[in-house]
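Here is what each chain is made of, one letter per residue.
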Amino acid sequence: MSGSDEPEMVVGADAFTDRGAGLEVAVVGAGAVGATAAYDLAREGADVTLYDRDTVASGASGRAAGICYDAFADGLDAEIASDAIERFRAFSGDDTFPFVECPYVWLAREGDADRADAIREQVRRMQDNEIVALEMDADALADRFPALRTDDVAVAGIAGAAGYTDPAKYTACLAAAATGAGGTLETETPVAVRTDPARVVHPNGEVREVDAVLVAAGARTKALLADAGISLAMKPYRVQALVADATLAEPMCYDASGDFYLRPHADGVLAGDGTEEREADPDAYDRDADPTFADDLLERVTHRVPRVADGDLERAWAGLCTATPDRDPLVGQIDEGLYVATGFQGHGFMRSPAIGARLAEEILGGAGIDAFDPTRFDGDESFDVVEGMALDRD
Ligand SMILES: Cc1cc2nc3c(=O)[nH]c(=O)nc-3n(C[C@H](O)[C@H](O)[C@H](O)COP(=O)(O)OP(=O)(O)OC[C@H]3O[C@@H](n4cnc5c(N)ncnc54)[C@H](O)[C@@H]3O)c2cc1C
């Protein structure tokens, strides 16, 4: 499919420039990150082709929960997340995708002193970084959010700059905006990547040399780069989620002691739980939820939101996230003319509007994000996949 088949779409009030004029860029992967970067490069005048081996949002972005917040203790993480939320707000609308403002609550239960301390510390650091965050005890939480059961809560953090969206719609919108800004979309086109010079190889063997290749191929990024002779310290891992048909207006909630999250959803409540702590194969992983997953998770969700007991399971599924040794993503230049974006540890969708913009800036000659520099690892490090939704203690 070529760009000419796509509807013209313009999002937000971003400036269009010719800073990227003359620059040819191949973006591999039309997930939230690749689509955003392609849009930002195209609106700066670069000649961008956005490839996907399948369809737009056919990877993790089409299977994500769509929870977005700026509840990060680390200043850089919070800055990126805040920028992303601003863009979600600016781009969303009736003609694009919904972004529903909704407070985010994260909590620890009585008897879970470690996690309770981590939440108090995280709220304090967020406040130091001028991120809006509140600490609440069980009584205050019950007054503010009557849908939640709170009698076993030791402490909760509340982040105001938060909301949820439909990740597939966001990604489709940004891919269409990229073509609207002059880019080309090539779906059902699994490309290979080669280095020195950076180029992509089409399935028919055609080789395209470009000024820059951005590999934002989600769980397949490691294999794609390995095939080009580059080792990446990243491991894909499997996570699961479900939708049940209960009514919930707010909040979004992460029960750290119960190891699950939930949010309101157009069809009821969307919930998900932890990480399968081993490397998954993107070609062979089970896309269906495990047989016991829904019953087990719904029991925990019902404990926190009792009204979910009245609803039935609508659907459940699995998808892949990506882990790194230090739980920070790999974002930026990894070789001459070659850029990468992966390893988001379950938080890639909420950061995609800001990560895409920063990648575009780096490809246009600006500075990258030092802390996420992919060359900080050799690629052959041995590490374990650890819980993606864990409390932010950095
Ligand atoms: C169940 C679940 C819930 C989640 N919930 C959240 C959440 O609430 N909030 C959040 O922030 N994150 C969440 N995540 C994580 C989030 O989905 C990812 O971090 C994010 O979507 C990654 O986006 P991406 O663009 O990097 O990769 P992807 O969306 O995986 O996109 C990669 C694309 O590359 C394409 N591709 C691969 N190989 C090739 C090739 N050779 N040629 C061309 N194209 C190729 C794929 O087809 C795919 O479309 C969740 C993930 C799952 C699975």
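Scoring rules and cut-offs
- Residues numbered from 1 in each chain as written.
- Predicted model: local features only at pLDDT ≥ 70, side-chain atom pairs only at ≥ 80, totals over all residues.
- Heavy atoms only, no water.
- Core = buried A, V, L, I, M, F, W, Y, C linked by side-chain atoms within 4.5 Å.
- Buried < 20%, exposed > 50% of the residue type's maximum accessible area, 1.4 Å probe, protein only.
- Helix = DSSP H or I, 4+ residues; strand = E, 2+ residues; numbered from the N terminus.
- Contact = heavy atoms within 4.5 Å.
- Axes fitted to C-alpha atoms, helices over the stretch in contact; angles between N-to-C directions.
- Parallel < 35°, antiparallel > 145°, perpendicular 65-115°, else oblique.
- Left-handed = near helix turned anticlockwise from the far one by under 90°.
- Nonpolar A, V, L, I, M, F, W, Y, C, P; charged D, E, K, R; others polar.
- Polar contact = N/O pair within 3.5 Å; in protein donor to acceptor, adjacent residues only side chain to side chain.
- Phe/Tyr/Trp six-rings, centres within 6.5 Å; stacked < 30°, edge-to-face > 60°.
- Pairing = 2+ DSSP bridges.
- Near = heavy atom within 4 Å.
- Areas by Shrake-Rupley, 256 points an atom, 1.4 Å probe, with all protein chains shown as cover.
- pLDDT = per-residue confidence, 0-100.
- Salt bridge = Lys/Arg side-chain N within 4 Å of Asp/Glu carboxyl O.
- Disulfide = S-S within 2.5 Å.

Looking at the nonpolar core
A general feature of soluble globular proteins is that nonpolar side chains tend to end up buried together.
Here is step 1: Among the nonpolar cores identified, the biggest contains 81 residues, and Leu41, Tyr104, Trp106, Leu214 and Ile355 are the most heavily contacted of them.
Here is step 2: With eight residues, helix H1 (residues 32–42) is the largest single contributor of residues to this core.
Here is step 3: Excluding residues within four positions of it along the chain, Ile355 makes contact with Val33, Ile80, Val331, Phe344, Ile369 and Phe372.
Here is step 4: Counting 28 residues, the second largest nonpolar core, distinct from the first, contains Leu141, Phe145, Ala271 and Val301.

Examining the packing of H1 against helix H5 (residues 167–180)
Here is step 1: Running from amino to carboxyl end, H1 crosses H5 at an angle of 25°, the nearest separation of the two axes being 8 Å. One way to sum up the angle between H1 and H5 is to call them roughly parallel. Handedness of the H1/H5 crossing: left-handed. Within the contact between the two elements, H1 uses Ala32, Ala35, Thr36, Ala38, Tyr39 and Ala42 and H5 uses Tyr170, Thr171, Leu174, Ala175, Ala177 and Ala178.
Here is step 2: Grouping the constituent residues of the contact of H1 with H5 by class yields ten nonpolar, two polar and no charged.

What to know about the environment of Arg87
Here is step 1: Topologically, Arg87 is positioned in helix H2 (residues 75–91).
Here is step 2: Overall, the relative accessible area of 12% leaves Arg87 in the buried class.
Here is step 3: Measuring from C-alpha to C-alpha, the distance between Arg87 and Val11 comes to 9.6 Å, with 76 residues separating the pair along the chain.
Here is step 4: If we ignore the near neighbours within four places in the chain, the residues touching Arg87 are Asp14, Thr36, Tyr39, Asp40, Arg43, Pro353 and Ala357.
Here is step 5: Separated by 2.7 Å, the side chains of Arg87 and Asp40 make a polar contact.

Some words on the packing of aromatic side chains
Here is step 1: Evaluation of the coordinates by the stated rule reveals ten aromatic pairs.
Here is step 2: Their ring planes at 15° and their centres at 4.0 Å tell us that Tyr69 and Tyr104 sit as a pair that is stacked. Remark: Tyr104 occurs in strand E5 (residues 104–109) and Tyr69 occurs in strand E3 (residues 67–69); sequence separation between them is 35 residues. Of the two residues examined, Tyr69 and Tyr104, each falls in the buried class.
Here is step 3: Seen from their ring centres, Phe97 and Tyr170 are 5.2 Å apart, and the 80° between their planes marks the pair as edge-to-face. Remark: Tyr170 occurs in helix H5 and Phe97 occurs in the loop between H2 and strand E4 (99–101); sequence separation between them is 73 residues. Just as Phe97 is buried, Tyr170 falls in that class too.
Here is step 4: Put simply, the rings of Phe88, Phe97, Phe99, Tyr170 and Phe349 touch in pairs and so form one group of aromatic residues.

Points about the side chain of Thr150
Here is step 1: Within the secondary structure, Thr150 is located in the loop between helix H4 (138–144) and strand E7 (153–159).
Here is step 2: Using a relative accessible area of 9% as the deciding quantity, one classes Thr150 as buried.
Here is step 3: Looking at Thr150, its side chain comes within polar contact range of the main-chain oxygen of Ala138, at 3.4 Å.

Considerations on the sheet that holds strand E16 (residues 260–265)
Here is step 1: Read across the sheet, eight strands follow the order E6-E7-E5-E15-E16-E17-E14-E18 without closing on themselves; strand pairing throughout is mixed. Only two strands of the sheet have a single partner each, and these edge strands are strand E6 (133–136) and strand E18 (313–323). If you compare each strand with its neighbour and ignore which way they point, the axes differ by 20° on average.
Here is step 2: With six bridges connecting them, E16 and strand E17 (residues 268–275) associate as antiparallel partners.

Notes on the site of the ligand
Here is step 1: Taken together, 39 residues surround the ligand, and among them Asp52, Arg53, Ser61, Val191 and Met350 come closest.
Here is step 2: Between the ligand and Ser58, the relevant distance is 3.3 Å, taken from an oxygen atom to a side-chain nitrogen or oxygen of the residue.
Here is step 3: Contact with the protein chains covers 94% of the free accessible surface of the ligand, which is 1,000 Å².
Here is step 4: Of all the secondary-structure elements, those providing two or more residues to the shell around the ligand are H1, strand E14 (235–244), E18 and helix H8 (348–363).
Here is step 5: When residues of the shell around the ligand are assigned to their parent elements, the largest contribution, four residues, is made by E18.
Here is step 6: Residues of the shell around the ligand, tallied by class, amount to 23 nonpolar, twelve polar and four charged.

Observations concerning the confidence of the model for the chain
Here is step 1: Per-chain confidence: the chain averages 94 in pLDDT, with 96% of residues scoring 70 or above.
Here is step 2: Here residues 1–7 is modelled with pLDDT under 50, and outside its nearest four sequence neighbours on either side it reaches 14 contacts, counting other chains as well.

Section: the pattern of salt bridges
Here is step 1: On inspection of all chains with the given rule, the structure shows 31 salt bridges.
Here is step 2: Between Arg89 and Glu101 there is a salt bridge whose closest N-O contact spans 2.7 Å. Remark: Glu101 occurs in strand E4 and Arg89 occurs in helix H2; sequence separation between them is twelve residues.
Here is step 3: By relative accessible area, which is 43% here, Glu101 ends up partly exposed.

Considerations on the pairing of E17
Regular strands place their side chains on alternate faces of the sheet.
Here is step 1: Across the eight residues of E17, eight count as buried, placing the element largely inside the fold.
Here is step 2: Alignment of E14 against E17, held across five bridges, turns out to be antiparallel. Of the residues in E17, the one forming a bridge with Leu242 is Ala271.
Here is step 3: As consecutive antiparallel partners, E16 and E17 are separated by two residues.

What to know about the state of the cysteines
Here is step 1: Counted under the stated rule, the structure contains zero disulfides.
Here is step 2: Its sulfur unpaired, Cys68 is 11 Å from the next cysteine sulfur, which belongs to Cys102.
Here is step 3: Judged by its relative accessible area of 0%, Cys68 falls in the buried class.
Here is step 4: With no disulfide of its own, Cys102 lies 10 Å from the sulfur of Cys253, the closest cysteine sulfur.

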